[in-house]
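Chain by chain, the residues:
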Amino acid sequence: MLEGKETFCVILRRADSFPFQELAALLSGAFGVPVHDAAAGLRRNWGLLLKTDELGRAKGLSQRLAVAGFDSFIIAASELRQLPPLKNIRKASFSERGLIIETGLGPAGCAGQAEIPWGSFASALVCAGSFIEEEVSISGGAQGPQDGPGIKISDIVKSAAFTIATGMPSLGKLKPGQKKDKGGAPAKRQGLSHYLDIISPGGLSPGGVAFRVCGESFDYSYLGGGKEYSSLLNFGKLARDVLSFLPQAVKNRGAVALGNGTGAGIRYAGKDEYEAERFWLLQLL
């Protein structure tokens, strides 16, 4: 029951395609912010449209969305579903029965396996995405309030305005880390990373479970003769294999793109954008 001093979230229900332009225009009018700021906020928060301690304000936005043809619901922030801890998978195969995970050496030095029945994923979320992970050092003395590398004062002002209007954090662009290696030289760029997350909030354990495949470190030997020389092509095949066994799973933009056999749509501006979409979709299971 929604009552007391609780914080409330207005969450957009699943749509086949995310209507950025229409929602940006609507939120611009509702929050009194420029359209481009509202659109940037959608990229950062996706379907978590508002966070407020005023239930009336949440209901007002939900009604405004309904009039425009967008279905939404209100949930107390304390009831938001949290992502289970991610368990990395480095080697796996598939059967009609379930996902077979290689668990390393078991008793007597034999390879261990764990079979996760597909039926355990009664409600599942499959997310795929690629984004740059990098670390870039910043040399020189202390920075004053002037614009510095990777960040502008104007961006801070816009970020603050959006946060005040919506109650949602404005994460901004993927900002390079400010780190150096032991020798003091700039840290090296790590490059483009590919991730596949298979999430089930219940059925496998009381807290749910989440499996992650890191595309560059996964062993694709299960593909046999179908294995390609490109890790990205193998990653796409892996994603389509998973989706073939979980056809009813909720999918993020990247998973939909790979399921359609295309790489268009798998790229995200950064880790924050990918995780924000994943967190929103998790609430819809």
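Just above, that's the structure.
What holds strands together in a sheet is hydrogen bonding between their backbones, with the strands either parallel or antiparallel. A sheet is described by the order of its strands in space; here three strands give the open sequence 2-1-3, paired in antiparallel fashion. Both edges of this open sheet fall to strand 2 (48-52) and strand 3 (72-76), since each of them pairs with a single strand only. For this sheet the average axis-to-axis angle between neighbouring strands, irrespective of direction, equals 20 degrees. In this sheet, strand 2 lies alongside strand 1 (residues 8-12) in antiparallel orientation, the contact comprising four bridges. Considered in strand 2, the bridge of Val10 is made with Leu50.

This brings us to the packing of helix 1 (residues 20-31) against helix 3 (residues 55-67). Packing of helix 1 against helix 3 brings their axes to within 11 Å, and their N-to-C directions diverge by 140 degrees. The way helix 1 lies across helix 3 gives a crossing that is right-handed. Residues Leu23, Leu26, Leu27, Gly29, Ala30 and Phe31 of helix 1 pack against Arg57, Leu61, Arg64 and Leu65 of helix 3. Split into classes, the residues belonging to the contact of helix 1 with helix 3 amount to seven nonpolar, one polar and two charged.

The next thing to look at is the nonpolar core. Residues Ile11, Phe18, Leu27, Leu42, Leu61, Leu65 and Trp280 are the most contacted members of the largest nonpolar core, which totals 40 residues. Among the elements that line this core, the one with the most residues is helix 1, at six residues. When residues no more than four places from it in sequence are discounted, the contact partners of Phe18 are Leu12, Leu23, Leu42, Trp46, Gly47 and Trp280.

This brings us to the environment of Leu238. Among the structural elements, Leu238 can be located in helix 5 (residues 231-245). Sequence separation between Leu238 and Phe94 is 144 residues, and the spatial gap between their C-alpha atoms is 9.9 Å. Excluding anything up to four places from it in sequence, Leu238 contacts Phe94, Leu196, Val213, Phe218, Tyr220 and Tyr222.

All right, on to helix 7 (residues 271-282) then. For helix 7, built from twelve residues, the straight-helix expectation of 16 Å at 1.5 Å per residue is met to within 8% by its first-to-last C-alpha distance of 16 Å. Those residues of helix 7 not exposed but buried are Glu273, Tyr274, Ala276, Glu277, Arg278, Trp280, Leu281 and Leu282.

Calculation notes
- Residues numbered from 1 in each chain as written.
- Predicted model: local features only at pLDDT ≥ 70, side-chain atom pairs only at ≥ 80, totals over all residues.
- Heavy atoms only, no water.
- Pairing = 2+ DSSP bridges.
- Helix = DSSP H or I, 4+ residues; strand = E, 2+ residues; numbered from the N terminus.
- Axes fitted to C-alpha atoms, helices over the stretch in contact; angles between N-to-C directions.
- Left-handed = near helix turned anticlockwise from the far one by under 90°.
- Contact = heavy atoms within 4.5 Å.
- Nonpolar A, V, L, I, M, F, W, Y, C, P; charged D, E, K, R; others polar.
- Core = buried A, V, L, I, M, F, W, Y, C linked by side-chain atoms within 4.5 Å.
- Buried < 20%, exposed > 50% of the residue type's maximum accessible area, 1.4 Å probe, protein only.
- Expected span 1.5 Å × (residues − 1).

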